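Chains, contacts and geometry: an overview
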2 protein chains.
Amino acid sequence: MDVMDSPGPAYDVFSKACPSRGTLEHVTGRWGALTLGALAALPEGSLRFNELRRRVDGVSEKMLSQTLHALERDGLVHREAQPTNPPRVDYELTPLGRGVAERLLALIRFVEGRMDDVVGARERYDATRGGR
Amino acid sequence: MDVMDSPGPAYDVFSKACPSRGTLEHVTGRWGALTLGALAALPEGSLRFNELRRRVDGVSEKMLSQTLHALERDGLVHREAQPTNPPRVDYELTPLGRGVAERLLALIRFVEGRMDDVVGARERYDATRGGR
DNA sequence: CGGGATCCGGCTTGATACTG
DNA sequence: CAGTATCAAGCCGGATCCCG
């Protein structure tokens, strides 16, 4: 083994310049997280553009399109376009994307499952500060 | 059991109006994720304001303060101020916050560990589209 | 249907300065 | 040290129009 083989930490999100920070933001971003979540929630994991849009309640066409491009570029989502009329485009997770989405969903489900605690904490916090 | 006891899904991030979406954004937001990650990476998990600021490379005072308030309000972070001079304030995760941070760190580490794949995917993507 | 291009208002963010 | 207040800038995100 060469000393050059030593990998080291290599990538560290806590470092300002690390490219992993950008990817983490695509993944955890407002629409990125929900898009990955929607694709992961499926058994067979393939969705068309407008199906996806309906599942991610509140997303605009522009933001969904933009989000999908970023995720595709990072190798997390695969886009398959069929040159039919009307056009049909399917999106699905890549194996890498499935790994990410799995962990993301674990986080999402945990948060959803503890929302009663969160809501309670908020009420206590707000009560402490009177009206502000 | 009363029928009223039936909990149902109760909270669903995919729904626009669900409060869990807000909490998820605090948790996964740009600075929220890194702040929770920094607090979770510790053995004894207590950090002072400026220690935290140094670990989360690039965060401004304002954003860190704002982020900590949101996390405290959601019951994920505990704030302990000592009225000494100079003032000393320690932040640490609550049990709930530790649960969230654990899952968040699993995601972060997974992304960091696959960045080579991501970088490769980006190069292939960019090459396909010529210069843009 | 599945987007791209453009315009534009507003919220988020980052410096800077100030306080206890 | 641990923040808050203020202000300007910029990027995000929505609406709209358009095309294949």
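Described in the following lines is the structure provided in the data block. (Residues numbered from 1 in each chain as written. Chains lettered and ligands numbered in written order. Predicted model: local features only at pLDDT ≥ 70, side-chain atom pairs only at ≥ 80, totals over all residues. Heavy atoms only, no water.)

**Here's the deal with the interface of chain A and chain B**
- Each partner contributes to the interface: chain A provides 51 residues, whereas chain B provides 51 residues.
- Across the interface of chain A and chain B, roughly 4,800 Å² is buried in total on both sides, 67% from carbon and sulfur atoms.
- Two residues, Arg-30 of chain A and Glu-25 of chain B, come together in a salt bridge whose shortest N-O distance is 3.6 Å.
- On the surface where chain A and chain B come into contact, there are 19 residue pairs in polar contact (both at pLDDT 80 or more).
- Mapped onto the side of chain A that touches chain B, the elements with two or more residues apiece are helix H1 (19-28), helix H2 (30-40), helix H4 (61-73), helix H5 (95-113) and helix H6 (115-128) of chain A.
- Its residues assigned to classes, the side of chain A that touches chain B shows 22 nonpolar, eleven polar and 18 charged. (Contact = heavy atoms within 4.5 Å. Buried area = accessible area lost by both parts, 1.4 Å probe. Salt bridge = Lys/Arg side-chain N within 4 Å of Asp/Glu carboxyl O. Polar contact = N/O pair within 3.5 Å; in protein donor to acceptor, adjacent residues only side chain to side chain. Helix = DSSP H or I, 4+ residues; strand = E, 2+ residues; numbered from the N terminus. Nonpolar A, V, L, I, M, F, W, Y, C, P; charged D, E, K, R; others polar.)

**Things to note about the relation of the copies chain A and chain B**
- Taken as rigid bodies, chain A and chain B are interconverted by a rotation of 180 degrees and an axial shift of 0.0 Å, the fit giving an RMSD of 0.1 Å. Overall, the copies show the geometry of a two-fold rotation axis. Considering only C-alpha atoms, the part of chain A nearest the rotation axis is Thr-28 of chain A, at 2.6 Å.
- Mapped onto chain B, 100% of the interface residues of chain A are again interface residues, and the two copies thus contact each other with one and the same surface. (Least-squares fit on C-alpha atoms with pLDDT ≥ 70 in both.)

**Some details on the protein's contact with DNA strand D**
- Taken together, 18 residues sit near DNA strand D, with Lys-62 of chain A together with Arg-48, Ser-65, Arg-79 and Tyr-91 of chain B positioned nearest.
- Here, DNA strand D places atoms within 4 Å of the protein, and 58% of those atoms are sugar or phosphate.
- Arg-79 of chain B places a side-chain nitrogen or oxygen 2.5 Å from a phosphate oxygen of DNA strand D.
- In this structure, Tyr-91 of chain B approaches DNA strand D through a side-chain N or O atom, which is 2.6 Å from a phosphate oxygen.
- Mapped onto the surface near DNA strand D, the elements with two or more residues apiece are H4 of chain A together with helix H3 (49-55), helix H4 (61-73) and strand E3 (88-93) of chain B.
- Looking at the surface near DNA strand D, the element that brings in the most residues is H4 of chain B, giving four residues.
- Taken together, the residues that form the surface near DNA strand D break down as seven nonpolar, four polar and seven charged. (Near = heavy atom within 4 Å.)

**Overview of the protein's contact with DNA strand C**
- Around DNA strand C, 18 residues are found, and the nearest of them are Ser-65, His-69, Arg-79 and Tyr-91 of chain A together with Lys-62 of chain B.
- In the model, a phosphate oxygen of DNA strand C is placed 2.5 Å from a nitrogen or oxygen of the Arg-79 of chain A side chain.
- Here a phosphate oxygen of DNA strand C sits 2.6 Å away from a polar atom, N or O, in the side chain of Tyr-91 of chain A.
- Put simply, the parts of the chain that give the surface near DNA strand C at least two residues each are helix H3 (49-55), H4 and strand E3 (88-93) of chain A together with helix H2 (30-40) and H4 of chain B.
- Broken down by element, the residue count for the surface near DNA strand C peaks at four residues, all from H4 of chain A.

**Some words on the sheet that holds E3 of chain A**
Residues and elements named next belong to chain A.
- Spatially, the three strands line up as an open sheet ordered E1-E3-E2, and their pairing is antiparallel. Lying at the two open borders of the sheet, with one neighbouring strand each, are strand E1 (46-48) and strand E2 (77-82). Between one strand axis and the next, the sheet turns by 30 degrees as a mean value, whatever way the strands run.
- The sheet contact formed by E2 and E3 spans six bridges and is antiparallel. Counterpart to Gln-82 in the pairing with E3 is Arg-88. (Pairing = 2+ DSSP bridges. Axes fitted to C-alpha atoms, helices over the stretch in contact; angles between N-to-C directions.)

**So, the packing of H1 of chain A against helix H6 (residues 115-128) of chain B**
- Taken N-terminus to C-terminus, the directions of H1 of chain A and H6 of chain B make an angle of 80 degrees; their axes are 11 Å apart at the nearest point. Looking at the two axes, H1 of chain A sits roughly perpendicular to H6 of chain B. Taken together, the residues of H6 of chain B that come into contact with H1 of chain A (itself represented by Pro-19, Ser-20, Gly-22, Thr-23 and His-26 of chain A) are Met-115, Val-118 and Arg-122 of chain B.
- Grouping the constituent residues of the contact of H1 of chain A with H6 of chain B by class yields three nonpolar, four polar and one charged. (Parallel < 35°, antiparallel > 145°, perpendicular 65-115°, else oblique.)

**Quick notes on the pairing of E3 of chain B**
All names here are of chain B.
- Across three bridges, the pairing between strand E1 (residues 46-48) and E3 is antiparallel. By the bridge assignment, Leu-47 is partnered in E3 with Tyr-91.
- What sits between strand E2 (residues 77-82) and E3 in their antiparallel hairpin is a turn of five residues.

In short, shape yes, function no, at least from these values alone.
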